[in-house]
Amino acid sequence: MLSVEQAIARLLADAPGPPASEPVPLAAARGRVLAVPLVATVDVPPADNSAMDGYALAAADWRGADQPLPLGGRVAAGQVGGDHTPHTVTRIFTGAELPNGADAVAMQENCRVDDDGVRVLKQPVAGDHVRARGQDTARGANVLPAGRRLLAQDIGVAASVGCAALPVRRRLRVAVVANGDELVEPGAEAGPGKIFNSNRYLLGALLGQWGFDVVDMGVAPDRPEVIAERFSHAADQADVVLSCGGVSVGEEDHVKAVLETIGQLSLWRIAMKPGKPLAYGRIGETPFLGLPGNPASALVTAMIIARPFLAACQGALPAETAPLMVDAAFTAPAPDRQCYLRVRHTGRGLEAYTNQSSGILLGASWADGLAIQPPGLAIEPGTPLQFLPWALLA
Ligand SMILES: Nc1nc2c(c(=O)[nH]1)N[C@H]1C(S)=C(S)[C@@H](COP(=O)(O)OP(=O)(O)OC[C@H]3O[C@@H](n4cnc5c(N)ncnc54)[C@H](O)[C@@H]3O)O[C@H]1N2
Ligand code: MOO
């Protein structure tokens with residue numbers, strides 16, 4: 001059986017090229033994936049300017065705290081700096097261009113203004129309170145890499161260099177098919193033998209949160225010919241097909257057999273818990289991921305396996321944020337598969353939800369994230385564990 005790392009590496013190596021790029025205005029760009037590097041065409045700030053309200057001067061003109069310098073000029077933000085008259089001070093405000101010839105700014109709190117001029121009470125040093133041209137962003141600098149999933153601050157950076165729109169990847173279309181005769185939609189009557197379809201909504205919500213377009217293909221009953229037709233239809237409409245349920249070994253589990261009929265199955269089973277029976281392959285050119293049906297298994301495999309794969313299909317750079325290391329405050333026996341435990345991060349360390357079964361979804365709502373328990377590791381209070389808060393999986 002493949003380890004989680006091996007499985008992810010196999011999937012990433014099989015990820016198709018990213019969708020085409022399209023320009024979007026900045027106001028619509030947050031969360032989208034940048035298609036090409038953003039290179040600054042201007043310096044930010046465009047000129048040396050003052051970081052404080054005060055008086056600009058040439059530091060070398062200072063002759064002592066008791067020696068007034070006459071007021072020689074005034075410059076406010078939005079005005080051109082102009083020329084500074086030697087042996088004077090120029091009244092200046094935060095963000096205003098430093099006038100040519102001045103090299104320092106004295107804060108007004110450190111100045112005394114009298115009829116005979118301005119006394120700068122503290123000896124200035126060249127560069128004091130001056131924000132140098134290009135100190136934020138230099139013209140020609142690569143400010144954002146291709147593949148960046150744009151954060152609010154990236155949108156601000158793009159605006160700061162004068163960009164009004166950014167080329168981003170078309171949103172990946174991800175089809176979702178839920179499998180199972182037992183499934184009934186929330187809002188309908190769940191008759192005998194039936195359960196509510198939670199995975200459809202869980203997966204739809206996750207995919208939406210990750211910035212993908214969801215193509216909801218509804219529920220396929222446990223009949224191979226219907227599943228085959230539904231999967232083929234999904235593969236025609238979407239960039240990636242995600243299904244849940246029907247990947248295990250019972251004779252009502254048709255997903256693998258269907259995939260082998262209408263496409264190829266290239267990976268099945270990963271040494272993880274929950275999530276062991278995950279299946280991966282292609283239908284034509286379209287990647288197909290068959291997640292297990294147990295709700296916690298669907299959630300964990302979506303987050304741990306599907307998320308990095310879909311991000312790669314979208315053209316996004318791999319996430320580089322490392323898990324946190326937090327001590328356990330619970331006990332768990334050594335597993336043979338890598339476990340993803342639903343845990344809470346409390347003042348005592350990580351607390352595990354009482355029931356870690358794959359059929360339990362409420363534990364994920366209770367939890368703050370997933371703790372990784374490697375195969376063979378017994379957990380005692382104080383055992384350091386890798387912890388993935390939900391924010392790292394968002
Ligand atoms: N003999 C074996 N049986 C099982 C094995 C095994 O190795 N040998 N593996 C177990 C593991 S591990 C998992 S995980 C499950 C995965 O099974 P499937 O992917 O085939 O999922 P289903 O059988 O269709 O469903 C499992 C469970 O989840 C419920 N379910 C399914 N879809 C939904 C949905 N959309 N919303 C809510 N709940 C759903 C379903 O009713 C079942 O209770 O197989 C084990 N069996
Ligand atoms: O691997 Mo299954 O997901 O434990 O229940």
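Keep in mind that this is a model prediction, so the values were computed, not measured. (Residues numbered from 1 in each chain as written. Chains lettered and ligands numbered in written order. Predicted model: local features only at pLDDT ≥ 70, side-chain atom pairs only at ≥ 80, totals over all residues. Heavy atoms only, no water.)

J.: Explain the environment of Ser21 to me, please; I cannot follow it from the model alone.
T.: Tracing the backbone through its elements, the reader meets Ser21 in strand β1 (residues 21–25). Classification of Ser21 as partly exposed rests on a relative accessible area of 44%. Taking the C-alpha atoms as reference, Ser21 lies 4.2 Å from Arg169; in sequence the two are 148 residues apart. Those residues in contact with Ser21 that lie beyond four places of it in its chain are Ala35, Pro167, Val168, Arg169 and Arg170. (Helix = DSSP H or I, 4+ residues; strand = E, 2+ residues; numbered from the N terminus. Buried < 20%, exposed > 50% of the residue type's maximum accessible area, 1.4 Å probe, protein only. Contact = heavy atoms within 4.5 Å.)

J.: Where do I start with helix α4 (residues 224–237) in this structure?
T.: What sets the pattern is the α-helix's 3.6 residues per turn: residues three or four places apart point alike. Here α4 contains 14 residues, and its C-alpha end-to-end distance of 20 Å stays within 8% of the 20 Å for a straight helix at 1.5 Å per residue. Within α4, the full set of buried residues consists of Val226, Ile227, Ala228, Arg230, Phe231, Ala234 and Ala235. The secondary structure elements touched by the buried residues of α4 are β13 (173–179), β16 (213–220), β17 (240–244), α5 (255–262), β20 (279–283) and β21 (286–291). (Expected span 1.5 Å × (residues − 1).)

J.: Would you mind showing me how to read the UniProt feature "domain: MoaB/Mog" (unreviewed entry) in the chain here?
T.: When the UniProt feature table is mapped onto this chain, "domain: MoaB/Mog" (unreviewed entry) is found at residues 175–312. Helix makes up 37% of residues 175–312 and strand 29%, and the two end C-alpha atoms of the span are 16 Å apart. (UniProt positions renumbered as here; feature names shortened; annotations may be inferred.)

J.: In this structure, what is going on with the sheet that holds β13? I would like to understand it.
T.: What holds strands together in a sheet is hydrogen bonding between their backbones, with the strands either parallel or antiparallel. Ordered in space as β16-β13-β17-β21-β20-β18, the six strands form an open sheet in which the pairing is mixed. Edge positions in the open sheet fall to β16 and β18 (264–268), since each of these has one partner strand only. In this sheet, adjacent strand axes meet at a mean angle of 20 degrees when their direction is disregarded. Strand direction decides the pairing type here: β20 and β21, joined by five bridges, are antiparallel. Bridged to Arg282 within β21 is Pro287. Of the strands in this sheet, β18, β20 and β21 are in contact with helix α1 (residues 4–14), which crosses β18 at around 150 degrees. (Pairing = 2+ DSSP bridges. Axes fitted to C-alpha atoms, helices over the stretch in contact; angles between N-to-C directions.)

J.: So what exactly am I meant to see when it comes to the pattern of salt bridges here?
T.: Between side chains of opposite charge, pairing is possible as soon as their charged atoms come close. All told, the structure shown has 13 salt bridges when counted by the stated rule. Put simply, Arg119 and Asp116 hold a salt bridge, and the shortest N to O gap is 2.9 Å. Overall, the relative accessible area of 13% leaves Arg119 in the buried class. Among the ionic pairs, Arg223 bridges to Glu225, the shortest N-O distance being 3.1 Å. Salt bridges linked by common partners bring Arg112, Asp114, Asp116 and Arg119 together as one network. (Salt bridge = Lys/Arg side-chain N within 4 Å of Asp/Glu carboxyl O.)

J.: Explain the site of ligand 1 to me, please; I cannot follow it from the model alone.
T.: Looking at ligand 1, there are 20 residues lining it, with Glu182, Asn197, Val247, Ser248 and Gly293 nearest. Within the contact set of ligand 1, an oxygen atom lies 3.2 Å away from a backbone nitrogen or oxygen of Asn294. In the complex, the protein chains occlude 70% of the 870 Å² of accessible area that ligand 1 would expose alone. Listing elements by their share of the shell around ligand 1, those giving two or more residues are β15 (195–196) and α6 (295–314). (Near = heavy atom within 4 Å. Polar contact = N/O pair within 3.5 Å; in protein donor to acceptor, adjacent residues only side chain to side chain. Areas by Shrake-Rupley, 256 points an atom, 1.4 Å probe, with all protein chains shown as cover.)

J.: Explanation requested: the domain arrangement of the chain in the structure shown.
T.: The assigned domain composition of the chain is domain 1 (4–17 + 171–314), domain 2 (21–43 + 147–169), domain 3 (49–131) and domain 4 (324–393). Using C-alpha coordinates to define each centre, domain 2 is positioned 37 Å away from domain 4. (Domains from an automatic or database assignment.)

J.: It is not clear to me how the site of ligand 2 should be interpreted in this structure. Could you clarify?
T.: In the region of ligand 2, the neighbouring residues are Lys273, Pro274, Gly275, Lys276, Pro277, Asn294, Ser297, Arg337 and Ser358. Ser297 is positioned with one of its side-chain polar atoms (N or O) 2.5 Å from an oxygen atom of ligand 2. At 2.3 Å, a side-chain N or O of Ser358 approaches an oxygen atom of ligand 2.

J.: When you look at unusual backbone geometry in this model, what are you seeing that I'm missing?
T.: A negative phi holds for most residues other than glycine; trans holds for most peptide bonds. Look at the link from Val44 to Pro45: it is a cis peptide, with omega at -5 degrees. A cis amide bond, omega 0 degrees, links Lys273 with the succeeding residue Pro274. Considering the arrangement of structural elements, one finds Pro274 in the loop between β19 (272–273) and β20. The residue His87 is not glycine, and still its phi comes out positive at about 60 degrees. With respect to the helices and strands, His87 occurs in the loop between β5 (71–75) and β6 (89–92). Positive phi, normally seen in glycine, also occurs at Arg269, with a value near 80 degrees. In this fold, Arg269 is placed in the loop between β18 and β19. A relative accessible area of 31% means that Arg269 is categorised as partly exposed.

J.: Where do I start with the nonpolar core in this structure?
T.: For soluble globular proteins, the rule of thumb is that nonpolar side chains tend to be buried together. Counting 41 residues, the largest nonpolar core has Ile304, Ile305 and Leu310 as its most contacted members. If you list the elements that add at least two residues to this core, you get α1, β13, α3 (199–209), β17, β21, α6 and β25 (369–373). By residue number, the principal contributor to this core is α6, which donates ten residues. Two domains each put at least three residues into this core: domain 1 (4–17 + 171–314) and domain 4 (324–393). In this structure Ile304 touches Val4, Ile8, Met272, Tyr340, Leu370, Leu388 and Leu393, once residues within four positions along its chain are discounted. (Core = buried A, V, L, I, M, F, W, Y, C linked by side-chain atoms within 4.5 Å.)

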